[in-house]
Amino acid sequence: MFYNSAESLIQGFMGNVIAKNPGEREFHQAVSEVVGSLADYLLTHPHLLERKILERMVEPERIVIFRVPWVDDKGNIQVNRGFRVQMNSAIGPYKGGIRFHESVNLSIMKFLAFEQTFKNALTTLPMGGAKGGSDFSPRGKSDDEVMKFCQSFLTELQRHIGKDTDVPAGDIGVGGREIGYLFGQYKRLQNEFGGVLTGKGLNWGGSPLRPEATGYGLCYFASEMLATRGESFEGKTVTISGAGNVAQFAAEKAFQLGAKVVTLSDSNGFIHDPDGLDEEKIEYVKELKNIYRGRIREYAQRYPTAKYYPNARPWGIKCDIALPCATQNEINKAEAETLVANGCFCVAEGANMPSEPDAIAVFQKAGILYSPGKASNAGGVATSGLEMTQNSIRLKWTPEEVDSYLHRIMSDIHSACLLHGREEDGSINYVKGANLAGFIKVADAMLAQGLV
Ligand code: NDP
Ligand code: 2IT
C-alpha cells in the first residue's frame, strides 16, 4: 500500500487493524502507540512497508485458546478459559508471562504479547514475544484450588511450550506458588526437569533476584532517566500503585536509593503513609500480600500514621516520581494533569501500559521524564532470560552476578532509547526510542528469515 504521509500511514494501518480485530480495545491501543512511533521511519524505509513487516508483526504466529475445567473445594465443577498468544519468534523462543485475573480476555492477551515482543528485543537477549493466562482469579481461592486449576491449565498448555519453544513466567496473579504448581505438573507429564518456566524457586532451577528483578530494574532505569537531568532518587517523594511483585520491589529499591515511598494500592484502594515506607514496613507488606494474601487497607490498621483511601488511586498525592506498578490504563488524563500540576517530573512504568494515551500526551507535552513499560519494566523478563541461561549451563550465579547483569541491561535499554528517541530540541522521547529500537531488531530478523 502507498502512503504519502505519516498521518495517512497511521490511519490506513490502524483502520485495517481495527477492522480485522474488532472490539480488541487494549490491542488497538498498544498497536496504535507503536505505529505512531514508527510511521516516519517506515516512510523512509519503504522496503519494510513492501515486505509488510508491521502487518506481519500484528498478526500472532499462533494463538491457543482452551477449556480449563477443575473441581473446587466444595466439589463443584468450574470452567475457565486459557490462552497463549505466541506473537513473534524472530529473535528467540516465545517468552512472556502468564496472567491469572478475572479481566483476562483475548484483547488483553494480544496487547501484552505485542508489547512483550518489543520489550524482549530491547533486553539484548534472544527471546521472542508471547503472553498467556486465564480469566481465573487466585484471589479468595484455597492453595488446593489454585493447585488444581494450575494442573488443569498446564495439562493443555504443555503441548504448546518447551524450553526452546515457549517459556512462560509470572504476571498478575501468577507468582512463586503458581509457577511451582505449573512446573510440577509439566515435569510429571513430560518426565523432564528443565527450563520450561522461569520464576522457579531458588532450589529448583530459579535465578537469584528474579522476584526482585522487575521492581529493581524499574528503579535502575528510572535512575538513568533522572541522571539525564542531574537528578536521582535521593530525597525524592515517590508514589507507587499496586502492592504485588513489581510494586514491592520497586518500593524496596527506591527506599534503598534514598527516596521516600508514600503510597501503595490494590484494586480496592490505596494507602498514603506520609512518613514513608522503611525496610520494616516493606517486609510487612511482603508478608501481608505474599503469605497471608491480605488487602492493602490492613497496612493502615498496622501503621496508624497511614491513611487508607477506598475506591481511589494514588495519583492525587503530591510526589516527584510516580511508578505505576498495578495494571493497564490505571492513569487517565485528569490524573496525569494532577501529577504534573503537583510537581511530578518523572513517570516510569512498572506495569504494562498503565498510562492511557491521553495521559501520555499530558506527560510529553509537559516535558517531564516519561518511560513506557516496555523499556522500564524489562528487567523482569531480562532476568528470566538470565534464568534460562543458568538452566542451560546448569549453574547458578550469585545475586551479585545477576544484579550486575540486570544493571547493565537496564542501562543498555536506556542507551537504546537515547539513540532512537532523541528529539530535535534535545529532549528524549522514550516511547519513540523504545519502539524504534525494538522494531528494528525484530524487523531485521524477520527480513533475514523470509516469509514465515
Ligand atoms: P501481582 O499480581 O503481584 O500484583 C498486582 C497488583 O496490582 C496487586 O496489588 C493488584 O491488586 C493490583 N491490580 C491488579 N489488577 C488491578 C486492577 N484491575 N485494578 C487495580 N489494581 C489492580 O502482579 P505483578 O506485580 O507481577 O504485576 C503488576 C504489573 O506489572 C502488571 O501490569 C504486569 O503485567 C507488570 N509486569 C510484571 C512483571 C513481573 O515480572 N511480574 C514484569 C513486567 C511487568 P489486587 O490484589 O486488588 O488485584
Ligand atoms: O510483562 C512481563 O514482562 C512479565 N510478566 C515477565 C515475563 C517473563 O517472561 O519473565
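Residues numbered from 1 in each chain as written. Chains lettered and ligands numbered in written order. Predicted model: local features only at pLDDT ≥ 70, side-chain atom pairs only at ≥ 80, totals over all residues. Heavy atoms only, no water.

Caption draft 1: How the structure looks around the side chain of Glu-330. Its place among the elements puts Glu-330 in the loop between β10 (321–323) and α12 (333–341). In terms of polar contacts, Glu-330 uses its side chain to reach the backbone amide nitrogen of Ala-326, at 2.9 Å. Other than its neighbours up to four places away in sequence, Glu-330 contacts Ser-241, Arg-313, Trp-315, Pro-324, Cys-325, Glu-335, Ala-351 and Pro-354. (Helix = DSSP H or I, 4+ residues; strand = E, 2+ residues; numbered from the N terminus. Polar contact = N/O pair within 3.5 Å; in protein donor to acceptor, adjacent residues only side chain to side chain. Contact = heavy atoms within 4.5 Å.)

Caption draft 2: Seen up close, the packing of helix α2 (residues 25–43) against helix α5 (residues 106–122). Put simply, α2 and α5 touch, their axes get as near as 6 Å, and they point 25° apart. Considering the angle they form, α2 stands roughly parallel to α5. Residues Arg-25, Glu-26, Phe-27, Ala-30, Val-31 and Val-34 of α2 form the contact with α5, whose own contacting residues are Ser-107, Ile-108, Lys-110, Phe-111, Phe-114, Glu-115 and Phe-118. For the contact of α2 with α5, the per-class residue count stands at eight nonpolar, one polar and four charged. (Axes fitted to C-alpha atoms, helices over the stretch in contact; angles between N-to-C directions. Parallel < 35°, antiparallel > 145°, perpendicular 65-115°, else oblique. Nonpolar A, V, L, I, M, F, W, Y, C, P; charged D, E, K, R; others polar.)

Caption draft 3: Summary view of the sheet that holds strand β1 (residues 62–71). The strand order across the open sheet formed by five strands is β1-β2-β4-β3-β5, and the pairing between neighbours is mixed. At either margin of the open sheet sits one strand with a lone partner, and together these are β1 and β5 (166–169). If you compare each strand with its neighbour and ignore which way they point, the axes differ by 20° on average. Direction of pairing for strand β3 (residues 94–100) relative to β5: parallel, over a ladder of four bridges. The partner of Tyr-94 across the bridge, within β5, is Asp-166. (Pairing = 2+ DSSP bridges.)

Caption draft 4: Just the sheet that holds strand β9 (residues 307–310), in detail. Taken together, seven strands build an open sheet; the order of strands is β9-β8-β7-β6-β10-β11-β12 and the sheet is mixed. One side of each edge strand has no neighbouring strand; the edge strands of this open sheet are β9 and β12 (369–371). For this sheet, the mean inter-axis angle between neighbouring strands, taken without regard to orientation, is 15°. Alignment of strand β6 (residues 237–240) against β10, held across three bridges, turns out to be parallel. By the bridge assignment for β10, Thr-239 is matched with Ala-322.

Caption draft 5: View of the pattern of salt bridges. According to the stated counting rule, one finds 24 salt bridges in the structure shown. The shortest N-O distance in the salt bridge between Lys-148 and Asp-73 comes to 3.9 Å. Taken together, the positions of Lys-148 in helix α6 (residues 143–157) and Asp-73 in the loop between β1 and β2 (77–88) put the pair 75 residues apart, joining distant regions of the chain. A relative accessible area of 46% means that Asp-73 is categorised as partly exposed. Put simply, Asp-266 and Lys-289 hold a salt bridge, and the shortest N to O gap is 3.7 Å. Of the two residues, Asp-266 sits in strand β7 (residues 260–266) while Lys-289 sits in helix α10 (residues 279–291), which places them 23 residues apart along the sequence. According to the relative accessible area criterion, Asp-266 is buried, its value standing at 16%. Look at the salt bridges and you will find they share partners, linking Glu-33, Glu-115 and Lys-374 into a network. (Salt bridge = Lys/Arg side-chain N within 4 Å of Asp/Glu carboxyl O. Buried < 20%, exposed > 50% of the residue type's maximum accessible area, 1.4 Å probe, protein only.)

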